[in-house]
Every structure is written in C-alpha cells, then in structure tokens.
Amino acid sequence: MNQEKSISLKRKPSVIISSIMLSLFIFSCGGPSGNSTKIDIEEIGQQLLVLDDNVQKEIAKSPLDARGEEKIVPRTINDDGSLRVVAGHDWTSGFYPGIMWYMYELTGDPEWKGKAVRYTSKLTKEMYNGSNHDVGFRMYCSFGNGLRLIEDEIYVPVLVQSAKTLIARYSETVRSIKSWDFNEEVWQFPVIVDNMMNLELLFWASEETGDPIYRDIAIQHALTTKKNHYRSDYSSVHVVDYDTITGAVRQKNTHQGYADESSWARGQAWGLYGFTMTYRCTKDKQFLEQAEKIAGFLLNHPRLPEDLVPYWDFDAPGIPNEERDVSAAAIIASALYELSTYTENGGELKEKADQILESLGSVYASPAGENYGFILAHSVGNKHGNSEVDVPLNYADYYFLEALVRQERLANNKPVV
Ligand code: GLY
C-alpha cells in the first residue's frame, strides 16, 4: 500500500465499520493545545501508513537492537526524538501486528491483512519465549487476532505452544503465574496485575485442545490475584511478591506507579479488562462482580478528570499538573464496552466508553502526519522509572482500535468479542 492510494472502504459482510458510523469517527485532533485537523478511519489509515513508512526507514538505518535481534515493530518515540523500533522479544511486539489486524477488521482492506500476516509471522519464534509472562500479549494480540479473523489453521500450533510456554511459569505453591524474572535481589516470585491480560490465551488453549490444564491455571491465577492484589476499595497494587517455598505474600510494591500504596492507572485498567474477560471465559459471577467493582472504583474516583482520561497514577502527587495516560484510557474504554454487555448498568458503562473514545479522538490524537504516524499521543509508560512519559505508545493505539471495533459491533447488535 502506498500513500498515494486511497484506502479501500469496501467491506466484507462480517466486517467492519458502516458508512454511517464512519461519519461518527470524525474527530478534531491535536494536542491539548488543539488544532482543527479532522480525522476519520481513512485518516487513521493514512496516519498508520506514515508510521509503517517510518518503521521501514528506521530499520534500514539500524536493523538490529542492542541484543543483535532484528527490529520489527514501532513501540514509541525515544527521548532524543527518534522512533523506537523493537524486536520480537519486546513485551509490546504483538500490538503492531494487532493494529494491522484491527485495521483489516475496520476497513476490510486486504492490504491491511497482508501487512498483518507479514508482521505476525515475524513473531513466530516468540512462542518459545518464556522469559516473562508477556508471551500472552505478544502472541494473542498478533496470532490470536489473526486466527479470529482469517481462521488460518497454521496459527493454531503457534498459539498452543505459546500457552504451554506461559503455563511453564505457573507455581502450584503460589497458585499464580510468575510475571517477571528480574530484580531477584528484591522479589522471589513477582506477580503483576497486568498478568491478568494473558489469561485469555490460556482460556483459548483449553477450548482448542480440550485439555483443561490451561483453563484451570487461568482460573486459579485470577482467584489468587483477586485475593491478594485488591484492596477493600477495589483498587489494585501493581506487584505482589510471593514466597516460593510457602506461597505466602512477602510484599506488595509498585514498579511503574507512584508508590506501593497508590493506584497506578494502567494497572487498574489491566485489572478491569482482565476480570471482564475472565468472566466471559468462565461465566463465574465472582469475576463479573470484581470487574463491576473495579469499574466503580475507576469511574467514581474523585481524581478521574471530566474527560475520563486518567492521570498516570490516581495518587500522583502533582495532580492536576500530572501527565495523563492515554493508554490506560484506551484499555478502560475497550473493557467497558465488553462489561456493558454483562451488567445491569450497561447503558451507563457504554456511554462512558463512548465518552473516552470521543476524548481520545478529539484531544489526544496526533496531528495528521506527526508523531511518526502513531494515532494517539500523551501516554505514560513508566514515569516511576522516568521512561516513556507523555509519548505515543503502540498499545494505546491497539486498544483504541479495539475499542472502535467493539463500539461498532455493539452498534450492529453483534457480540462485542
Ligand atoms: N505490562 C506492562 C505495562 O503495562 O507497562
């Protein structure tokens, strides 16, 4: 696809955004200072073509990362203003192929499918990468979406192997999957709330293979997280560290939030999404109730701004002069669309999700052709570690597009997932 060619809006029947809805996806964009540029799904496509072009230029200049691995996908913008393109082992590598899959779903354009297939295939070897819990993010956002959309059977063994890799990190003693292996002088068995997201791969694997082991582990992990990560107000700590011999909780910390006792925004978002998805896959009401309570914590929080785009941590000391985290907002929007289909106050939750998308599209989108082509600006990766503060992030774009897909499916009375 080149930039002279306009993006086809021909759609398959099961796809994709109707012409009527397209007109609703016209946003004014620009930073908080704003400009009057308008974008719609075609313009999002144009923006992503700019990104893809910049990725190829960056790879041509510098093909390998510090480990000598082939760079593949864009992640963010570095402090020096350059585009950060990362290899398959990066925790975010699945999101860019996922973005291509969502663009295919949103437009029906086979050229997005071609790109999605190509980027997805570059991640194949990551099915064996058990160096952390992120195998779920890497593989389910890429191969998982691919399987869902094109039913290519060659994706099945890759995903089954990825699930095997993930459950190898499970401890019967702790009754959780270990998230990280670093910081061994501090943590024995760290489990982060983000890890909830990777359970979807495990639920899928049991459905696919008929082997209950993946599902059993996913359910036990969710129960342990529900018990130990959540406070009485249904906020979550970021990291719970367990004793590997006794399984007891050793400490509760943050790694990316403001403080151990604070509520890191993206962590809350991962929990909301993770428990909503766990309810979908189990139909166990305790997970639904957990998701509803988390939504209540988020949406009624006195420090949630009116535009519903949270500060990077709900307890960041400089609020209201703290950065927002657009990635957290995008994840929350996508999760709320799903949760809205399970709850009595679904209409209200859907309205909140719509409001978030409107905010993201109208205030937080990159000006056309800028930010190397990332769709959204103003996310925070790790302010605690002074890294990726107020930047575009590939996962903000991924969950924004996923939320658009879900909004569209709801508008057409289709199952949201
Ligand atoms: N899962 C890593 C993060 O949310 O930054």
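Throughout what follows, the structure given in this document is the object of discussion.

Basis of the calculations
- Residues numbered from 1 in each chain as written.
- Predicted model: local features only at pLDDT ≥ 70, side-chain atom pairs only at ≥ 80, totals over all residues.
- Heavy atoms only, no water.
- Helix = DSSP H or I, 4+ residues; strand = E, 2+ residues; numbered from the N terminus.
- Buried < 20%, exposed > 50% of the residue type's maximum accessible area, 1.4 Å probe, protein only.
- Near = heavy atom within 4 Å.
- Polar contact = N/O pair within 3.5 Å; in protein donor to acceptor, adjacent residues only side chain to side chain.
- Areas by Shrake-Rupley, 256 points an atom, 1.4 Å probe, with all protein chains shown as cover.
- Nonpolar A, V, L, I, M, F, W, Y, C, P; charged D, E, K, R; others polar.

**Here we look at unusual backbone geometry**
Moving on, step 1. For the bond from Ile319 to Pro320, the omega torsion is 15 degrees, close enough to zero to count as cis.
Moving on, step 2. Structurally, Pro320 is set in the loop between α10 (285-299) and α11 (326-340).
Moving on, step 3. Residue Asn371 is not a glycine yet carries a positive backbone phi of 55 degrees.
Moving on, step 4. Summarising the element assignment, Asn371 is placed in the loop between α12 (346-363) and β10 (379-382).
Moving on, step 5. Accessibility expressed as a relative area gives 26% for Asn371, which makes it partly exposed.
Moving on, step 6. Positive phi is not limited to glycine here, since Tyr372 has a value of about 60 degrees.

**A closer look at the site of the ligand**
Moving on, step 1. Around the ligand sit Trp91, Asp194, Gln256, Trp264, Arg266 and Trp270, and that is every residue in its neighbourhood.
Moving on, step 2. Within the side chain of Arg266, a nitrogen or oxygen atom sits 2.6 Å from an oxygen atom of the ligand.
Moving on, step 3. Trp270 is positioned such that a nitrogen or oxygen atom in its side chain is 2.9 Å from an oxygen atom of the ligand.
Moving on, step 4. Relative to its unbound accessible area of 200 Å², the ligand is 94% covered by the protein chains.
Moving on, step 5. When grouped by side-chain class, the residues that make up the shell around the ligand number three nonpolar, one polar and two charged.

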